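Descriptive analysis of the structure
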Amino acid sequence: MSTDFRKSTVYQIYPKSFRDTNGDGLGDLRGVIEKLDYIKELGVDYIWLTPFFVSPQNDNGYDVADYYNIDPAYGTMKDVEELIAEGKKRGIGLMFDMVFNHVSTSHEWFRKAMEGDPYYKDFFIFRKGKGAGVPPTNWESKFGGNAWEYVEKFDEYYLHLFDVTQADLNWENENVRKEIQKILKFWMEKGVRGFRFDVINLISKACYEDDETGDGRKYYTDGPRIHQYLKEMHDATFGNDEGIVTVGEMSSTTMENCYKYAGRDTGELSMVFSFHHLKVDFMGNEKWVLVPADFQKLKDIIFDWQTKMAEHNAWNAVFWCNHDQPRVVSRFGDEGKYWKESAKMLGTVIHCLRGTPYVYQGEELGMTNTDFTDISQFRDVESLNHYQILQNKGLSDSDALRIIQIHSRDNGRTPMQWDDTKYAGFSSEDSAEPWIAVNGNHARINASDQLKDEDSIFHYYQKLIAMRKELDVIAYGEIEPLAVKDPCIFAYRRIYNGHELIVAANFYGRECTWRDAPDVTGYERMIGNYTAPANAGDGTMNFRPYETAVWYK
Ligand code: GLC
Ligand code: CA
């Protein structure tokens, strides 16, 4: 295991969809333990596990009811301890997912608040409405609808930026912050090697006023005390252990804030997830529309974050996929004819960047979006709410469904495809139906086949992950964008200590010529997705559909 996060790669597991060992249709922690050798084979250093704490599962565990105990559907504390120990044996550190912007309304703190206990009521954000039936502000919940829920007993509303069962915590209250530190220390003592902090840049609210021009996000995103809260948490907990790696999920953030969140010397977090590059197929911030992906915008955003974060000594997490995103091969690649080529190309572009790459379960197999044809197959609260909202806006069932099919978070949540059996090896054939349907393409796309095939996407990812360990230029190098305005080519140079790496990729399913291509004579071709070299030798370079290659000197 590399303890330097710049040389490391993280594998993200959504345990509910990873492997079900007891046949109840829900993935579990024993399933993760069972597959540790598979993950080890891929070569990653850390596993980020999404939440498995006690939860009513209204948002699949992002609604935590008890941070100190394991949801029985996932397993037991003994399973967690075994997982940490077995990971350690294999040189894999466990990163846990800490949801601290909100708790489930089933959490004891919220239940006590609802009983009227003033100590706990101040753990939350209760406010008077602006009049009978009018909530305190016009802010919108990220899952749709107004962000305030009325409580008759108090004649007050509580804030929930997400589901109504996810009540926002009041970080202004020092007692809340102390409780959170206690939780982190508890898990550090258990041997956890890292944390991912859920929507952590939303914890400091500027004020509670109507947002005349928007949905409220400008009042709670990167709020006034956010850096103070992060520093305090850092100093009181993981800041005392250099080996701990941390990543903050930064919703609609600005880069200026990320210089601090993920600065080398700012004492906040190791790195950040930002999402601007994954909104290039949105209309502004509006996700529930169909808009073709804007390739120029994608490049501009990635290069902007790459170069400016580097200038400010700050560190990015680099990624295409997670449990909230559609599958990248379906999104920016081609899940049909050039499935394998495009999956490898997309992996290359991410893994050679400056930052710590994250691989989301199944991405290393080129798993695709769901093949769902009916709204009843979807499970995600966000998708179901927005299906309703789209219909209320007057869209037909089929138009609304089309938008959900493209953008739903469930695209990333179908069961991991281990083999070609009935439930794709997620569970055995006599198990209960998986909680969400297996993708019908598991006979063609599965781990068992790819492990046997040297040319598979799995083995390609394995090489990319190993390359970061071998070549310091990938881990530590500067980045220089290339082909910035080229309509098809995504390319960049990495530079470190006299070494150079050139990465180039054709983002399209047709042949493209790169006209101002650098001369790569004398460079070693490290990896690529076609067998013969792409170099035309005359100052231009010809790329076949989704072709990518990496050269090193
Ligand atoms: C994050 C999680 C997402 C969850 C939300 C609310 O964005 O990744 O899955 O629904 O926060 O906790
Ligand atoms: Ca299970």
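Residues numbered from 1 in each chain as written. Chains lettered and ligands numbered in written order. Predicted model: local features only at pLDDT ≥ 70, side-chain atom pairs only at ≥ 80, totals over all residues. Heavy atoms only, no water.

Focus on the coordination of the calcium ion (ligand 2)
Coordination sphere of the calcium ion (ligand 2), protein contribution only: Asp20 (OD), Asn22 (OD1), Asp24 (OD), Leu26 (O) and Asp28 (OD), at 2.3 to 2.4 Å. Of note, the donors binding the calcium ion (ligand 2) are all from one chain and are spaced D-x1-N-x1-D-x1-L-x1-D. The exposure class assigned to Asp20 is buried, which follows from its relative accessible area of 1%. (Donors = N, O, S within 2.8 Å, 3.2 Å for Na, K, Ca; no water. Buried < 20%, exposed > 50% of the residue type's maximum accessible area, 1.4 Å probe, protein only.)

Here's the deal with the packing of aromatic side chains
Under the counting rule described, the total for this entry stands at 51 aromatic pairs. Between Trp139 and Tyr219 the ring centres are 6.1 Å apart and the planes differ by 25°, which places this aromatic pair in the stacked class. Linking Trp139 in the loop between β7 (126-127) and β8 (148-151) with Tyr219 in helix α7 (residues 217-220), this pair joins segments that are 80 residues apart in sequence. A residue is classified by how much of its surface remains accessible, and Trp139, at 0% relative accessible area, is buried. Ring plane angle 70° and centroid distance 6.0 Å describe the contact between Trp148 and Tyr208, whose orientation is recorded as edge-to-face. In this pair, Trp148 sits in strand β8 while Tyr208 sits in the loop between β11 (194-197) and α7, placing the two residues 60 residues apart along the sequence. Accessibility expressed as a relative area gives 23% for Tyr208, which makes it partly exposed. Sitting over the ring of Trp418, Lys35 keeps its end group 4.0 Å from the ring centre. Between Arg444 and the ring centre of Trp339, over which it is positioned, the NZ or CZ distance is 5.7 Å. (Phe/Tyr/Trp six-rings, centres within 6.5 Å; stacked < 30°, edge-to-face > 60°. Helix = DSSP H or I, 4+ residues; strand = E, 2+ residues; numbered from the N terminus. Lys NZ or Arg CZ within 6 Å of the ring centre and 35° of its normal.)

With respect to the domain arrangement of the protein chain
Once the domains are mapped, the protein chain shows domain 1 (1-99 + 321-370 + 412-470), domain 2 (108-168), domain 3 (174-315), domain 4 (371-407) and domain 5 (478-552). Using only C-alpha atoms to locate each centre, domain 4 and domain 5 end up separated by 40 Å. (Domains from an automatic or database assignment.)

Side note on the environment of Glu152
Relative to the helices and strands, Glu152 resides in the loop between β8 and β9 (156-159). Along the chain, Glu152 and Gln306 lie 154 residues apart, while their C-alpha atoms are 49 Å from each other.

Considering the environment of Val280
As for its placement among the helices and strands, Val280 is situated in the loop between β13 (271-273) and α10 (295-311). Residue classification places Val280 among the buried positions, given a relative accessible area of 2%.

Thoughts on the packing of helix α6 (residues 174-189) against helix α8 (residues 226-236)
The N-to-C vectors of α6 and α8 enclose an angle of 40°; their axes lie 10 Å apart at closest approach. Taken together, α6 and α8 sit at an angle that is classed as oblique. As α6 runs across α8, the sense of the crossing is right-handed. Facing α6, whose interface residues are Arg177, Ile180, Gln181, Leu184 and Lys185, α8 presents Gln228, Tyr229, Glu232, Met233 and Ala236. Here the contact of α6 with α8 is composed, by residue class, of five nonpolar, two polar and three charged. (Axes fitted to C-alpha atoms, helices over the stretch in contact; angles between N-to-C directions. Parallel < 35°, antiparallel > 145°, perpendicular 65-115°, else oblique. Left-handed = near helix turned anticlockwise from the far one by under 90°. Contact = heavy atoms within 4.5 Å. Nonpolar A, V, L, I, M, F, W, Y, C, P; charged D, E, K, R; others polar.)

Topic: the side chain of Ser342
Relative to the assigned elements, Ser342 resides in helix α12 (residues 339-351). Contacts of Ser342, omitting those with residues within four sequence positions, involve Val329, Gly333, Asp334 and Tyr546.

Some thoughts on the sheet that holds strand β22 (residues 548-552)
The strands making up a sheet associate through backbone hydrogen bonding, with each pair oriented either parallel or antiparallel. Sheet architecture is open: five strands sit in the order β16-β17-β18-β22-β20, paired in antiparallel fashion. Across the chains shown, the open sheet's two edge strands, defined by having one partner strand only, are β16 (478-482) and β20 (524-528). Adjacent strand axes in the sheet meet at a mean angle of 20°, parallel and antiparallel pairs treated alike. Contacting β16 and β17 (489-496), α10 runs over the sheet at an angle of about 15° to β17. (Pairing = 2+ DSSP bridges.)

What to know about the side chain of Lys7
Among the structural elements, Lys7 can be located in the segment before β1 (10-13). A distance of 2.8 Å separates a polar atom in the side chain of Lys7 from the backbone oxygen of Lys469. (Polar contact = N/O pair within 3.5 Å; in protein donor to acceptor, adjacent residues only side chain to side chain.)

As for the site of ligand 1
For ligand 1, the set of nearby residues contains 14 residues, the closest of which are Asp59, His102, Asp198, His323 and Asp324. Note that an oxygen atom of ligand 1 is positioned 2.5 Å from one of the side-chain N or O atoms of Asp59. Between His102 and ligand 1, the recorded distance is 2.9 Å, taken from a side-chain N or O atom to an oxygen atom. Burial of ligand 1 by the protein amounts to 96% of the accessible area it has alone, namely 310 Å². Taken together, the residues of the shell around ligand 1 sort by class into four nonpolar, three polar and seven charged. (Near = heavy atom within 4 Å. Areas by Shrake-Rupley, 256 points an atom, 1.4 Å probe, with all protein chains shown as cover.)

Structural notes on the sheet that holds strand β5 (residues 93-98)
Read across the open sheet, the eight strands follow the order β13-β12-β11-β5-β2-β1-β15-β14; overall the sheet is parallel. Every other strand in the sheet has two partners, leaving β13 and β14 (317-318) as the edge strands with one partner each. Where β1 and strand β2 (residues 46-49) come together, four bridges link them in parallel fashion. Paired with Gln12 across the two strands is Trp48, which belongs to β2. In this fold helix α3 (residues 77-89) packs onto β2 and β5, with an angle of close to 140° to the strand it touches most, β5.

Notes on α3
Its 13 residues place the ends of α3 18 Å apart at the C-alpha level, agreeing with the 18 Å of an ideal helix rising 1.5 Å per residue. Those residues of α3 that fall on the buried side of the exposure criterion are Asp79, Val80, Leu83, Ile84, Glu86 and Gly87. Looking at the packing, one finds that the buried side of α3 touches α1 (29-34), α2 (36-42), β2, β4 (66-70), β5 and α6. Just downstream of α3 lies Gly91, where phi reads positive at about 75°. (Expected span 1.5 Å × (residues − 1).)

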